[in-house]
Amino acid sequence: MCGIVGYIGKREAYPIIIKGLKRLEYRGYDSAGIALLNGDLKIMKKKGKVSDLEGTISGENLHSTIGIGHTRWATHGEPNDVNAHPHASSDGKLAIIHNGIIENYQSLKTELEIKGHKFKSETDSEVVIHLIEEIKKNNNCSLEEAVRLSLQEVVGAYAICILSSDDDKQLIAARKGSPLVIGVGDGEFFIASDATPIIEYTNNVVYLDDYEIAVIKNGKLTLKSVEDVPKTPFVHTLEMELESIEKGGFEHFMLKEIHEQPKSIRDCLRGRLLPKDNHLFLNGMSQYMNKFLNTDRLIFIACGTSWHAALVAEYLFEDIARVSVEVEYASEFRYRNPVIRETDVVIPISQSGETADTLAAIDLAKSKGATIFGVCNVVGSSIARASHAGAYIHAGPEIGVASTKAFTGQVTVLAMMALILGLKKGTLSESRYRELLFELDTIPEKIQKILEDAEPIKRIAETFQFAKNFLYLGRGYNFPVALEGALKLKEISYIHAEGYPAAEMKHGPIALIDEDMPVVFIATKDATYEKIISNIQEVKARKGKVIAIVTEGDKDIHNMAEYTVEIPKTDDCFIPLLSVIPLQLLSYYVAIYRGCNVDQPRNLAKSVTVE
Ligand code: M6R
């Protein structure tokens, strides 16, 4: 949720930290702050964007080679200057930045107040630095030891970074449940919530594990557990390109990411799909094929857009591999005492790989002996590491808060998995398998074609920019797409939108339809085509305004609907990969016409690492 960044080395820390905060701003943007050490501890923080912070501190002496920075998504305490991080200890010598939630902060705070600590903010995070200060004083121990002992008392999730004015050659970081990456340079170290602030300096990174503490002191990194067990840092090489985290000439990350989809899907297919050789291979899946073949159900767990991809998977796996599928909101699954068997294959889907509810649901499923097969985008993320096996979607960094290319990447991986399983189980004939491999290979070009003609979508967006409500209707494979279209519109344009299976409309939502209600039908030529035409007629009879996403050349719906957007023809099972694209563009342009901040919509953060 929040973004944290730290630097220790020989360079000026301030520009590195500010730049890092801008890269992490997608994680939270209601306030920002930094702390620098140059003899004294200098803390500067401000409500608002990182640019607001920058504006207030220009002209100050910012010389320092060690510092930490934070961009906040508020949980405890409203967004204001005081609640912004970093937070300092009572004596002003220690500073902390924190991402996560300290669940027992209230009881810790009460105890510390009895001991004379005075708190400035309403945050849970400030409690941690006072606790460290108290333990350090009482035990007369090193900062490192005080951090370790304090973390034994803390309940909840944290990624923290701490510095002390007593030692300008030391930076301490720790994690449990919230991500933290350490970039290892030449005599310098970079700490961040994800790798994006790091890659322009080094490709060598260490992913901190839960309950690990990193101490960077005098140019050396050491790791230990909260239980005081030394750990060996394992250095991974990042394969991310710097261009992948920049806007590359687009006005917004979201638009860039929408337009990247032909490439991101091609990257996802690369080395895995070779239709001419009748080849489709997912390494992680082949290693766990027995589990897939011997289970009688797959359980998908996810949140938000990833949950919509899971719903597409339900259609894919039942249709192609004839295995029964359950699709669960991770947040409900984890608290529902679900029946989980050792034979179950549980498939978490997550772009970030850090979603707290999904991680907790994985822990639950794992504790019951299920096999976990993760579908993630971020390489090395917590969910990827918590899974027994998995498949990356290789979409590249997704920075826009509204997920776009991750959805199509997820559906692509899920489609590949269903095809592989269907062939192995014999529920998919060799000839149909071959046909589907060739068709899957054409998807990037077909997406490109849709993207090249965005004008009709822009015009629809302009027409409906002032609408108060939208209804999205689809059937079969297009039902999850309807949900996804509605979510996209809600989150970036703040227009109320509902997604429904088209046939369910007559059981309630039809009451909403009048001449002011735009109804987006995803009405491609597939198995449900005839049925959805009837649903369109039902809306028209009630004077609703019909916007239809149709297969190219469809004259019938063209004559019925006020607006149509054509997409190329494809097999039913790949339709979501195409039909979602106009809906992504529609939400983008509606938000632009309404003057909304597309990449940083209000109240949202890219990666939800708190419950
Ligand atoms: O990183 P994840 O895929 O686990 O994230 C899940 C949701 O938080 C995410 O899809 C969210 O709904 C997006 N803002 C949707 O655009």
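Residues numbered from 1 in each chain as written. Predicted model: local features only at pLDDT ≥ 70, side-chain atom pairs only at ≥ 80, totals over all residues. Heavy atoms only, no water.

Topic: the domain arrangement of the protein chain
Reports of interface size often rely on the accessible area that becomes lost once the parts have come together. Per the domain assignment, the segments of the protein chain are domain 1 (3-243), domain 2 (248-448) and domain 3 (453-603). On a C-alpha basis, the centres of domain 2 and domain 3 stand 25 Å from each other. Facing the 37 residues of domain 2 at the interface are 30 residues of domain 3. When the two sides are added together, the surface that domain 2 and domain 3 hide from each other amounts to roughly 2,900 Å², 71% of it contributed by carbon and sulfur. For the pair domain 2 and domain 3, the number of links is one salt bridge. Run the count over domain 2 and domain 3 and you get 14 residue pairs in polar contact (both at pLDDT 80 or more). Counting only elements with at least two residues in the side of domain 2 that touches domain 3, the list comes to α6 (253-259), α7 (261-269), α10 (304-321), α14 (405-425) and α15 (430-452). The leading source of residues in the side of domain 2 that touches domain 3 is α10, at ten residues. (Domains from an automatic or database assignment. Contact = heavy atoms within 4.5 Å. Buried area = accessible area lost by both parts, 1.4 Å probe. Salt bridge = Lys/Arg side-chain N within 4 Å of Asp/Glu carboxyl O. Polar contact = N/O pair within 3.5 Å; in protein donor to acceptor, adjacent residues only side chain to side chain. Helix = DSSP H or I, 4+ residues; strand = E, 2+ residues; numbered from the N terminus.)

Thoughts on the nonpolar core
Grouped together as the largest cluster of nonpolar side chains are 98 residues, with contacts concentrated most on F300, F317, M417 and F470. A total of twelve residues in this core trace back to one element, the largest contributor, which is α14. Residues lining this core come from more than one domain, with at least three contributed by each of domain 2 (248-448) and domain 3 (453-603). Those residues in contact with M417, other than ones at most four positions away along the chain, are L282, M285, F292, F317, I347, F373 and V375. L62, V181, A192 and F253 belong to the second largest nonpolar core, which has 30 residues in total. (Core = buried A, V, L, I, M, F, W, Y, C linked by side-chain atoms within 4.5 Å. Buried < 20%, exposed > 50% of the residue type's maximum accessible area, 1.4 Å probe, protein only.)

Considerations on the packing of aromatic side chains
Inspection of the entire model under this criterion finds ten aromatic pairs. With 5.6 Å between their ring centres and 50 degrees between their planes, F300 and F317 make a pair best called tilted. Taken together, the positions of F300 in strand β18 (residues 297-302) and F317 in helix α10 put the pair 17 residues apart, joining distant regions of the chain. Given a relative accessible area of 0%, F317 falls into the buried group. Through successive ring pairs, a cluster of aromatic residues spans F464, F470, Y472 and Y563. (Phe/Tyr/Trp six-rings, centres within 6.5 Å; stacked < 30°, edge-to-face > 60°.)

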